[in-house]
Each structure stands twice: as C-alpha cells, then as structure tokens.
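This is what each chain is made of:
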Amino acid sequence: MTATEILFWFLSALALFSALMVVISKNPVHSVLWLIVVFFSISGHYILLNAQFIAIVNLIVYAGAIMVLFLFVIMLMNLNANTEPQRNSLVRLAGVVAGGLLLTVMISALRSANEITNSKATMSEGDIGLIQNLGKILFTQYVVPFELSSVLFLSAMVGAVVIGKKE
Amino acid sequence: MPIQNYIILAAALFCIGVSGVLIRRNAIIVFMCIELMLNSVNLMLVAFSKMHYALSNAQGKGISESIGSDAQLFVFFIMVVAAAEVSVGLAIIVMMYRNVHSTDINFLNRLKN
C-alpha cells in the first residue's frame, strides 16, 4: 500500500464521515464546521489528482467565502440546537431509504459500465491541472463563458442586494 | 487509483446530500446539502478528466498537454455558478426569516392555499 493509497482512503473516510455529520448534527453551526471539513478533504483529493488550481480555488471559494457567508447568516439568526425543527421519524426513515436506494442504483449502474472497466485516474502525473494550462485555455477557448460569468456575478450581487433590502 | 473508487465515493457523497435534503427541515441545512451534492459532482468531473488524460495518452493519439482540461474548467464554472447561487439563496432565506421568524421550510407552504 503506497502513501497515495493511504491518503486516498484516509481522505475518503474523512469526507464520508463528515458528510454524515453534516446531516446528523443538531446544531447548525456544527453542520457548517463539518461541511468545512468535507471541503478540505475534497481539496485533498484534488491535490492527489494533481489538480492544484481547482484545489486552491475550492479552498478559497468554498471553505473561505461561502462557508463564512453561511456562518454569518446562522449567527445573525441566532440558530442553535434548541430552535432546530425536526421531522418525524417516519419521514426521516423514508429519506434515508430513498438516499440508500439511489446510491444502490447509481453504483450498480456505473460499476460495470464498459468505458470505465480497467481504467484508472492518474494520480500524480500530467500537468493539465496546473494554472498555466488552465489559464491558457480559459482565456482562449472559454473566454466568452468567462465574461458571461462576470455578468452572472453582477446580476447575482444586484439580486442579493434587492432581495435583502428592507422595504 | 481505479476510477470505480472515485465513482463510489462521489455517489456516496451525492446520496448523503440527497438524504440530507429529504430529512432536514432547516432551510440553511438543506442549502448546505445542495452544496455537498455540487461538490461530489465536481470531484467526479476532476477524476474523469484525469481518466480521460490517461486513456488518450495510453492510446498514443493526440498527446497534447491540454487534453482533459475542459472538465477542470467546467468545475471552475460550476464553482462560479455555486457562489452566485449561494449569495442569492442566502438573501432569500434571510428575507424568509424576517417574515416568519423561522427557517423551517414547512412555513413555505403558504402558496398551497
């Protein structure tokens, strides 16, 4: 078992455990903190796959910006475990069964697909994930979607201000 | 690493997100579970991009440096859209909290009547 495999299994277990804790934990602040752990372990997976640009962007955008926004909103509303609404246990059981069935269907459909048998994801070789390559493609082939996403950001900002404004 | 491991990991994360959306009633937690699902899809796209790179290099055709990097740019754009979505969604949740003083999604069934 090489170091890469050990890291892969460790990060997978960490991601799954903290994803479960996001759903399970009663206190919304704890959910946010566990979600940050999920994002860090997924960033670790990106680094293992040598997708360094995506790893850093994931850390900055998700764990840095979006999660701080979530924490601000939760603390602004003063939510805690006591004010947390709970579904009844029948609905919870139905949700867990539905999720498990979806997982079974997805895995059994994808496990034996022709295209992916015996194919591997290269772990540490290949420099397609480096910022030099991605930047070149982003500013040549994908320059129109890039500019459109800036328009999307502007409209999202205006929309957030208009929605959040007091009447 | 075989691609099946990544498929199973991403599918499990996605289904945990689906279950979370179904069993939680707090709108913010539901929103966080949607972020979890987006992230599992991102992980799958990056793993498939590295698989595509390995496959096309093994077949020896078109060894260019940029093969497979489209998927990573798609991941970048998914992150852009997710950030915009979070800002608008949290503004809507704050607005809802201001009106009903709760983030319980069962208060959102007023359109029914």
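Cut-off values and rules
Residues numbered from 1 in each chain as written. Chains lettered and ligands numbered in written order. Predicted model: local features only at pLDDT ≥ 70, side-chain atom pairs only at ≥ 80, totals over all residues. Heavy atoms only, no water. Helix = DSSP H or I, 4+ residues; strand = E, 2+ residues; numbered from the N terminus. Rg over C-alpha atoms; globule rule 2.2 N^0.38 Å. Buried < 20%, exposed > 50% of the residue type's maximum accessible area, 1.4 Å probe, protein only. Contact = heavy atoms within 4.5 Å. Areas by Shrake-Rupley, 256 points an atom, 1.4 Å probe, with all protein chains shown as cover. Lys, Arg positive; Asp, Glu negative; His and termini not counted. Charge placed at Lys NZ, Arg CZ, Asp CG, Glu CD. Domains from an automatic or database assignment. Buried area = accessible area lost by both parts, 1.4 Å probe. Salt bridge = Lys/Arg side-chain N within 4 Å of Asp/Glu carboxyl O. Polar contact = N/O pair within 3.5 Å; in protein donor to acceptor, adjacent residues only side chain to side chain. Nonpolar A, V, L, I, M, F, W, Y, C, P; charged D, E, K, R; others polar. Patch = residues over 30% accessible without salt bridge, like charges linked within 9 Å, V, L, I, M, F, W, Y side chains within 5 Å.

(A) Representation of the overall build of chain B in the model. Of the regular secondary structure elements, chain B holds three helices and zero strands. Its C-alpha atoms give chain B a radius of gyration of 19 Å, more than 25% over the compact-globule value 13 Å for 113 residues. The C-alpha extent of chain B, read off along each of the three principal axes, is 60 × 25 × 20 Å. In chain B, which comprises 113 residues, the share counted as buried stands at 61%. Across chain B, every contact between residues at least 6 apart in sequence was considered, and the portion connecting residues at least 24 apart equals 58%. If you sum the accessible surface of chain B, you get close to 4,500 Å²; carbon and sulfur atoms cover 67% of it. Here chain B contributes 7 positive and 5 negative side-chain charges, whose respective centroids are spaced 13 Å apart.

(B) Just unusual backbone geometry, in detail. Residues other than glycine seldom take positive phi values, yet Asn 50 of chain A does so here, at roughly 60°. The topology assignment puts Asn 50 of chain A in the loop between helix H2 (28-48) and helix H3 (52-77). Unlike most non-glycine residues, His 101 of chain B shows phi in positive territory, near 55°. Structurally, the position occupied by His 101 of chain B is in the segment after helix H3 (69-100).

(C) The arrangement of the domain arrangement of chain A in detail. Residue and element names in this part refer to chain A. Segmentation of chain A into domains returns domain 1 (1-82) and domain 2 (126-167). Per-residue buried area on domain 1 facing domain 2 is highest for Asn 50, Gln 52 and Phe 53; these three make up 89% of the total on that side. Across the domain 1-domain 2 interface, the total number found is zero salt bridges. The interface formed by domain 1 and domain 2 includes zero residue pairs in polar contact (both at pLDDT 80 or more). Across the side of domain 1 that touches domain 2, the residue classes tally to two nonpolar, two polar and no charged.

(D) Summary view of a nonpolar patch on the surface. A cluster of nonpolar residues, Leu 154, Met 157, Val 158, Val 161 and Val 162 of chain A, forms a patch on the protein surface that exposes about 470 Å² of accessible area. Inspection of the secondary structure puts Val 158 of chain A in helix H6 (residues 143-164).

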